[in-house]
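Chain by chain, the residues:
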Amino acid sequence: MGNYINTGNAGFQSVRNGEYVDKSGLISIVNDTLFTERRFSCVTRCRRFGKSMAAKMLCAYYDQSCDSRALFSDLRIAADPTFEKHLNRYPVIYLDLSDFVTRYKTDDIVQKMDAELRADIGRAYPDVLQEEGDDLMALLFRIAVKYQQQFIFIIDEWDAICREFAPGSEAMDSYVSWLRRMFKGGLTQQTFAGAYMTGILPVKKYKTESALNNFQEYSMVTPRRMAGYFGFTKDEVRALAAKYGMDFDELEKWYDGYQIGNEASVFNPNSVMQAIDNGYCTSFWASTGAYDAVARYIQMNYEGLKDDVIEMLAGGRCKVNPTKFQNDMSVIRSKDDVLTVLIHLGYLSYDWRRSECYIPNREVAGEMVNAVEDNNWTQVAKSLEALIELKYNQTADTALSQIKCRKYPEKVAQYADNLLLLGISYDRESKQHACRIERCDDAK
């Protein structure tokens, strides 16, 4: 057992020691890709949505240095036809890039990472000599040929370097070259049975092409077959609520609302589990590390972003085109880029059928309001104290009725008091306005 090679199943064992919602079906999807042209997967989702837990599960399942049968025998994957075929059959390399980003802040981070991996794997295969000038890929290829056995490579927080170092920096260029050498070179197919990368952002685009266009990408925008494994489903949360005596309606109000692919109702899994541990619902996102980024992106205020934020805070939706985003948080050029980043961070949900985004739940709405206030959007913050509906050639009463019909007051009541409802009508022929104002309490 090494630091990076064949690390065993202790990580997933600790997960199973606590409350575990069975997401082992993800293994079946990965199994179907092994030894095929689709063997490389990049699965990205926002913080606190179980990325590292999934990586630990895959390590425990594939790692040949341990016996993980007991960990999986009561899970769904045990009934899958591929279960026995791949259980504990491969040398597994596990790399958590956030560890290197924490330790090394210099442009030679990739060279140091490659050297540490070679040293660790070299100790596991002492009879395979390393030649002068070898990089990690050369060593792995030599091992695969000698033992006629291919590796599984699992990378957690694959985009940590991308988030830490600027585009065009020596570290970024070295990292992209390293990834291409590992997973897109001539020796790749003979060296790896499969690879699984997870992080927040999809693979960075250079001009219009992905740096690793041979990877199958699953993200908050395009989750494909993995949509059901990105968070907790309604049935899973309902079962947890019953088991622990929690109010399901409260859990739903606070943490549901994500539409991920064909999954119309996905809960934030970490927040649900924290609510169960605490015995009550509140916002747990302040500690995710993403808040500063959200405030910074909102401050950019591209192309009427303020108006869209108001609309979404009132329960509305905003059109978004996520296809132009370069998958780089430091390259933000438009409102669509800002909204797409917020989708990947989990602060917005994406309805791919309608190309729209929206704020998913109470927890996120509260954090978005905090971000607005911290950016001194005084006019936006003030507008949250009033709900306005404008109608052409209709009465002000009709405008007020629409506010009530769409239940705007209920959607913003958790973060605003003393609401005023404003119905405004405009007659195009007479050029006259009419206004009707009610206090929210009076309108109930």
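Residues numbered from 1 in each chain as written. Predicted model: local features only at pLDDT ≥ 70, side-chain atom pairs only at ≥ 80, totals over all residues. Heavy atoms only, no water.

### Here we look at the packing of aromatic side chains
- Under the defined criterion, the tally for this structure stands at 24 aromatic pairs.
- Ring geometry for F49 against Y258: centres 5.3 Å apart, planes inclined by 85°, an arrangement best described as edge-to-face. Within this pair, whereas F49 is found in the loop between β1 (40–44) and α3 (51–62), its partner Y258 is found in strand β9 (residues 258–260), the two being separated by 209 residues in sequence.
- A relative accessible area of 1% places Y258 in the buried class.
- Judged by centre distance (6.4 Å) and plane angle (25°), the rings of W158 and Y175 are stacked. Highlighted residues: W158 in the loop between β3 (151–156) and α9 (160–164) and Y175 in helix α10 (residues 170–183), separated in sequence by 17 residues.
- Given the relative accessible area of 0%, Y175 is considered buried.
- The rings of F12, Y20, F35, Y61, Y62, F72, F83 and Y90 are connected pair by pair, giving a single aromatic cluster.
- Over the aromatic face of F100 sits the side chain of R103, whose NZ or CZ is 4.7 Å from the ring centroid. (Phe/Tyr/Trp six-rings, centres within 6.5 Å; stacked < 30°, edge-to-face > 60°. Helix = DSSP H or I, 4+ residues; strand = E, 2+ residues; numbered from the N terminus. Buried < 20%, exposed > 50% of the residue type's maximum accessible area, 1.4 Å probe, protein only. Lys NZ or Arg CZ within 6 Å of the ring centre and 35° of its normal.)

### Here's the deal with helix α13 (residues 248–255)
- Among the residues of α13, those classed as buried are F248, L251, W254 and Y255. Looking straight down α13, one finds that the buried residues subtend no more than 135° of arc, so they occupy a single side.
- Its side-chain oxygen placed 2.9 Å from the backbone nitrogen of D249, D247 serves as the N-cap of α13. (Arc of directions from axis to C-beta. Polar contact = N/O pair within 3.5 Å; in protein donor to acceptor, adjacent residues only side chain to side chain.)

### Considering the sheet that holds strand β13 (residues 356–358)
- Taken in spatial order, the three strands make up an open sheet running β11-β13-β12, and their pairing is antiparallel. Where the open sheet ends on each side, the last strands, each with one partner, are β11 (318–319) and β12 (349–351).
- Inspection of the sheet shows β11 paired to β13 by two bridges, in the antiparallel sense. Following the sheet pairing, C318 is matched in β13 by C357. (Pairing = 2+ DSSP bridges.)

### Considering the sheet that holds strand β8 (residues 232–233)
- Ordered in space as β8-β10-β9, the three strands form an open sheet in which the pairing is antiparallel. At either end of the open sheet lies a strand with only one pairing partner, and these are β8 and β9.
- Bridge count for β8 against strand β10 (residues 263–267) is two bridges, and the pairing is antiparallel. Considered in β10, the bridge of F232 is made with F267.

### Looking at the packing of helix α16 (residues 305–313) against helix α17 (residues 335–345)
- At a closest axis distance of 11 Å, the pairing of α16 and α17 adopts a crossing angle of 40°. Both α16 and α17 take part in a crossing whose hand is right-handed. Contacts between α16 and α17 involve L305, D308 and M312 from the former and K335, V338 and L339 from the latter.
- Tallied by class, the residues present in the contact of α16 with α17 amount to four nonpolar, no polar and two charged. (Axes fitted to C-alpha atoms, helices over the stretch in contact; angles between N-to-C directions. Left-handed = near helix turned anticlockwise from the far one by under 90°. Contact = heavy atoms within 4.5 Å. Nonpolar A, V, L, I, M, F, W, Y, C, P; charged D, E, K, R; others polar.)

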